[in-house]
Amino acid sequence: MFSAVLWAFSAQADVVISEVYTETASGQAAYDEFVEVCNAGSESQDVAGWTITDGDHLDNVVAWSAHASSPADGWSANMVLDSTVIEPGACAVILDPNYLEGTQPHDIENGTLLLTVEGNAIGEGLGPDDPVTLYRNSSATNADVVSTYGTPVPADNPEDRDDDGIDGVPIQAQTQRSVYRVALQDADTEGNWLTAATSPGYRRTQGFFEVSSDGSTPYPNLSSALRVAQAGSEILIHEGLYFDDAEITEAVVINGVENNDGAVLDGELTVTANNGEVSLSYLTFTGAVFLDDTVANLENNLFLGATATWHYSTGVFANNIVNGAATGLDLQYYSSPEVLENQFVDTVETALSCFFGSEPQVHDNEFRAAQGTAIDCTAGPLIERNLIEGFDIGIALSNSSALVANNEITNALGAAIEVTYSADPWVVLNVLKRAGTGLTTSHSAMVFSGNLVFEGLGDGVIVDGGWTPDFFGTIEQEVQLVGNTIVQNSGAGVVMGGTTLSGDAAEPVLLNNVVHQNGGEGFRSDNAAPQS
C-alpha cells in the first residue's frame, strides 16, 4: 500500500507548471491570464480535485464545461472542454473562467484540454509578482505540492505562499509575453524560466525549420514556423510566393536560399521580438516590413515596392536592394540602425527618411531615382560616402545637426543639399555636381567646408536668412562657408540674402573659398552682410 501511494505521488509529480501569463496590453489581465500545465510522464493524469493558488486565494481546478459561467460556444470543435485528464506528453491550459469575455489574445493549440477554476479568477487575479502553486488535492499543504512557479515560500497555508524574494522569479514579463519553463523535468529555479510570446497548449522548440509552399515540409508558410520556433532557431524559406501576414516575436534567424531571390513574402511582416536579435536575409519583400522596439539585421534582401519601417528599433540594414517604393527605408522615433552598402533605386518620394530623434549611420550606399528626395532627416545622423544620382533633392536636413561628409551628389534637379531651420550641421568634403543648386540653406547655423560645387544648372550656393529659434533653443551663429571650390555653375557662385527674425541682415562667414568661372557674379548679396 505504501509503495502504491509513493508511485501515485511520483506519477503526479510528472505534471508541471509549464507556462504562466499574467498581463496583457488590453488591461484585462483578469480575463486573459492563464496557467499551462504539462504531463511530462508516461501515464495519463486526472487533475480532478486538484487546487491552485497565487499565494492569495486557493481555487479548485475543474473542466471548462463544469463552470456555470464558462460557455462552450466560442471555441473550435477540437478543444477538449469536458475532461480533466491530461494525456502523456500533452498540456492543459487553466484559463480564467471569464476568458471569452476578454480580448482572447492567445492562439491556443487545437485539441487542447481547457480547464478553469471554480471561483471568479485564478487566485485573486495573477499579478506579475505572484508565484503559483499546484496541489494534488484540496488539503493544499506543503506536502501536497505537485509543481510551482516563482519559488514561493514553502508554507502549509496556501494564502501564505508568496514570493520568497531571494531570486529573480517570478519574472515580470513584458506585455503580451509569458514566462515558460525551459526544461519540464527541471526544478523551479531562476535559470529554468524565460519569457517568450505565448504558446498555450503547445511547446516552442529551438531548432531548424524549413518553410515550403509546395507542401514538402511541415510548414507551408512563415507564420506556421514562427508559431513554434523558440529564440535561437533558424528558419529556411524555400522558393515560393507566401501571402500570409506574419509577426516575429522571438529572436530567430530567417533566411531564403542564398543568392536566390525566389522566396517572396507578399504579406505584411511585423518584428516585435525583444529577447535578442532578429536576422532576415536573402528574402524578397513585396509586402511592408515593420520593426517595433526590436533589434534586427536585414541583409542581402530585395524590397520590391515595399517599405521597411523602423520604430524605436536599431540593428543593421545592409546590402539590400530597395526598388520602386514610395519610401524605401523609414526610420521613426529614435531608430538608429547602421545603413550601409544598399542600393535604393527608383523610389518615388523618399529613399531614406529619419525623423523624431533617429540618428542612423548612413554610409557607402547608392541612391538613384528621377524624383523625390534621396535622404530626408532631422536630428544628428551620420551621412557619408554615399553616391546619390538624380532626385529632386539629394539630401534634405531640417532641425538637424547631421554630419554630411564625402558624398557624391549628381544631377539633382533642385538642390543637391537643402538645410533649413538647423543648428550646427556640418557639410564637408562633398562633391555636388550638375545640380539645380549645390547648397540651399535658410534660417540655419551650419558649416559648409571643403566641398566641390561645379557644373550646376543654377546658382552654386544660396544662403537665405540668419538665425532662428529651433526646438532646442536659439541659433545665434551664422552660416560658415569655408574652403569650398564653387566653379562652372550657370548662375552666381554664392547668393546671400534674408534677415534674422529680429530684422537684422544675415551675416554669413566667407573664408578661403575658390569661386570662379560661374555664369553670374561670384558673390551676390541681397540685403545680407557677409563676414570675410
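Keep in mind that what you see is a predicted model, and the values were worked out from it rather than measured.

## Points about the overall build of the protein
What the protein contains, in helices and strands, is 3 helices and 54 strands. Within the protein, the fraction of its 532 residues that count as buried is 53%. In the protein, the proportion of contacts linking residues at least 24 apart, taken out of those at least 6 apart, comes to 44%. Counting only carbon and sulfur atoms, one obtains 48% of the accessible surface of the protein, whose full area is about 21000 Å².

## Description of the side chain of N192
By the element assignment, N192 lies in the loop between β11 (177-181) and β12 (193-197). Polar side-chain contacts of N192 include one of 3.2 Å to the backbone oxygen of A187. When near neighbours in sequence (up to four residues on either side) are disregarded, N192 contacts Y180, R181, V182, A183, D186 and A187.

## Observations regarding the pattern of salt bridges
In total, this model carries 8 salt bridges according to the counting rule given. E384 serves as the salt-bridge partner of R385, at 3.5 Å between the closest nitrogen and oxygen. By relative accessible area, R385 is classed as partly exposed at 40%. Members of the salt-bridge network, linked through shared partners, are D107, E109 and R227.

## A few points about the pairing of strand β46 (residues 461-464)
Along β46, the buried face is formed by V461 and V463; none of I462 and D464, which line the opposite face, is buried. Relative to β46, strand β43 (residues 437-442) runs parallel, the two sharing 4 bridges. Bridge pairing in β46 places L439 opposite V461. Sheet topology note: the β46/strand β51 (residues 494-497) ladder contains 4 bridges and is parallel. Each residue of the ladder has a partner; that of D464, found in β51, is G497.

## A short note on the packing of aromatic side chains
The geometry of an aromatic ring pair is captured by the separation of the ring centres together with the interplanar angle, meaning the angle of the planes. In this structure the tally under the stated criterion is 11 aromatic pairs. Seen from their ring centres, Y333 and F356 are 4.5 Å apart, and the 5 degrees between their planes marks the pair as stacked. Here the residue Y333 occupies a position in the loop between β28 (327-332) and β29 (338-340), and F356 occupies one in the loop between β31 (350-354) and β32 (361-363), the gap between them amounting to 23 residues. Taking the relative accessible area as the measure of exposure, Y333 reaches 30% and is therefore partly exposed. Taken together, the ring pairs connect F285, F303, W310, F317, F344 and F367 into an aromatic cluster. One residue, R227, lies across the ring of Y202, its end atom 4.0 Å from the ring centre.

## Remarks on the state of the cysteines
Under the criterion given, the structure shown has 2 disulfides. For C38, the disulfide goes to C91, at an S-S distance of 1.9 Å. Between C38 and C91, the disulfide has an S-S torsion of 95 degrees and is therefore right-handed. Here the residue C38 occupies a position in strand β2 (residues 34-39), and C91 occupies one in strand β7 (residues 91-95), the gap between them amounting to 53 residues. Neither residue differs from the other here; C38 and C91 are each classed as buried. Note on cysteine connectivity: C354 is disulfide-linked to C377, with sulfurs 1.8 Å apart. Because the sign of the S-S torsion sets the handedness, a value of about 120 degrees for the bond joining C354 and C377 places this disulfide among the right-handed ones. Of this pair, C354 sits in strand β31 while C377 sits in strand β34 (residues 373-379), placing them 23 residues apart in sequence. Each bonded cysteine of the protein is numbered by sequence order, and under that numbering the disulfide pairs are 1-2, 3-4.

## A short note on the nonpolar core
Generally speaking, a soluble globular protein has its nonpolar side chains buried in company with each other. Core analysis: the biggest nonpolar cluster contains 76 residues, and I235, I237, I254, F317, L352, F367 and I375 have the highest contact counts within it. Contact partners of L352, with chain neighbours within four places excluded, come to L329, V339, F344, V362, F367, A374, I375, D376 and C377. Counting 25 residues, the second-largest nonpolar core is a separate cluster that includes V37, W50, I86 and L126.

## Re the sheet that holds strand β5 (residues 58-63)
Within the open sheet, the 10 strands sit side by side as β10-β9-β4-β5-β8-β7-β2-β1-β11-β12. Their pairing is mixed. Looking at strand neighbours, the two that pair on one side only are β10 (145-149) and β12, the edges of this open sheet. Shown here is a sheet whose adjacent strand axes are inclined to one another by a mean of 30 degrees, direction ignored. Pairing of strand β1 (residues 15-21) with β2, which is carried by 6 bridges, proceeds in the antiparallel orientation. Following the sheet pairing, V15 is matched in β2 by N39.

## With respect to unusual backbone geometry
Along the chain, V169 connects to P170 via a cis peptide bond; the corresponding omega equals 0 degrees. Positive phi is not limited to glycine here, since Y282 has a value of about 55 degrees. One non-glycine residue, Y333, lies in the positive phi region at around 50 degrees.

## Description of the environment of D364
Mapped onto the fold, D364 is located in the loop between β32 and β33 (366-369). Residue classification places D364 among the partly exposed positions, given a relative accessible area of 28%. Distance from D364 to L387, taken between C-alpha atoms, is 7.3 Å for residues 23 residues apart in sequence. Contact partners of D364, with chain neighbours within four places excluded, come to L340, E341, N342, E384, R385 and N386.

## Overview of the environment of V93
With respect to the secondary-structure elements, V93 resides in strand β7. C-alpha of V93 to C-alpha of S18: the two residues are 75 residues apart in sequence and 9.7 Å apart in space. Apart from residues lying up to four places away in sequence, V93 is in contact with F34, V35, E36, T112, L113, L114, L115, P200 and G201.

## Describing the confidence of the model for the protein
The share of residues in the protein with pLDDT of 70 or more is 90%, and the mean pLDDT across the chain is 89. Note on residues 1-11: pLDDT is under 50 here. Beyond four places in sequence and across chains, it has 3 contacts. In the model, residues 470-476 has pLDDT below 50 throughout and makes 16 contacts with residues more than four positions away in sequence or in other chains.

## Observations regarding a negative patch on the surface
Together, E124, D129, E159, D160, D162 and D163 make up a negatively charged patch on the protein surface. Mapping E159 onto the fold places it in the loop between β10 and β11.

Conventions and cut-offs
- Residues numbered from 1 in each chain as written.
- Predicted model: local features only at pLDDT ≥ 70, side-chain atom pairs only at ≥ 80, totals over all residues.
- Heavy atoms only, no water.
- Helix = DSSP H or I, 4+ residues; strand = E, 2+ residues; numbered from the N terminus.
- Buried < 20%, exposed > 50% of the residue type's maximum accessible area, 1.4 Å probe, protein only.
- Contact = heavy atoms within 4.5 Å.
- Areas by Shrake-Rupley, 256 points an atom, 1.4 Å probe, with all protein chains shown as cover.
- Polar contact = N/O pair within 3.5 Å; in protein donor to acceptor, adjacent residues only side chain to side chain.
- Salt bridge = Lys/Arg side-chain N within 4 Å of Asp/Glu carboxyl O.
- Pairing = 2+ DSSP bridges.
- Phe/Tyr/Trp six-rings, centres within 6.5 Å; stacked < 30°, edge-to-face > 60°.
- Lys NZ or Arg CZ within 6 Å of the ring centre and 35° of its normal.
- Disulfide = S-S within 2.5 Å.
- Core = buried A, V, L, I, M, F, W, Y, C linked by side-chain atoms within 4.5 Å.
- Axes fitted to C-alpha atoms, helices over the stretch in contact; angles between N-to-C directions.
- pLDDT = per-residue confidence, 0-100.
- Patch = residues over 30% accessible without salt bridge, like charges linked within 9 Å, V, L, I, M, F, W, Y side chains within 5 Å.
- Lys, Arg positive; Asp, Glu negative; His and termini not counted.
- Charge placed at Lys NZ, Arg CZ, Asp CG, Glu CD.

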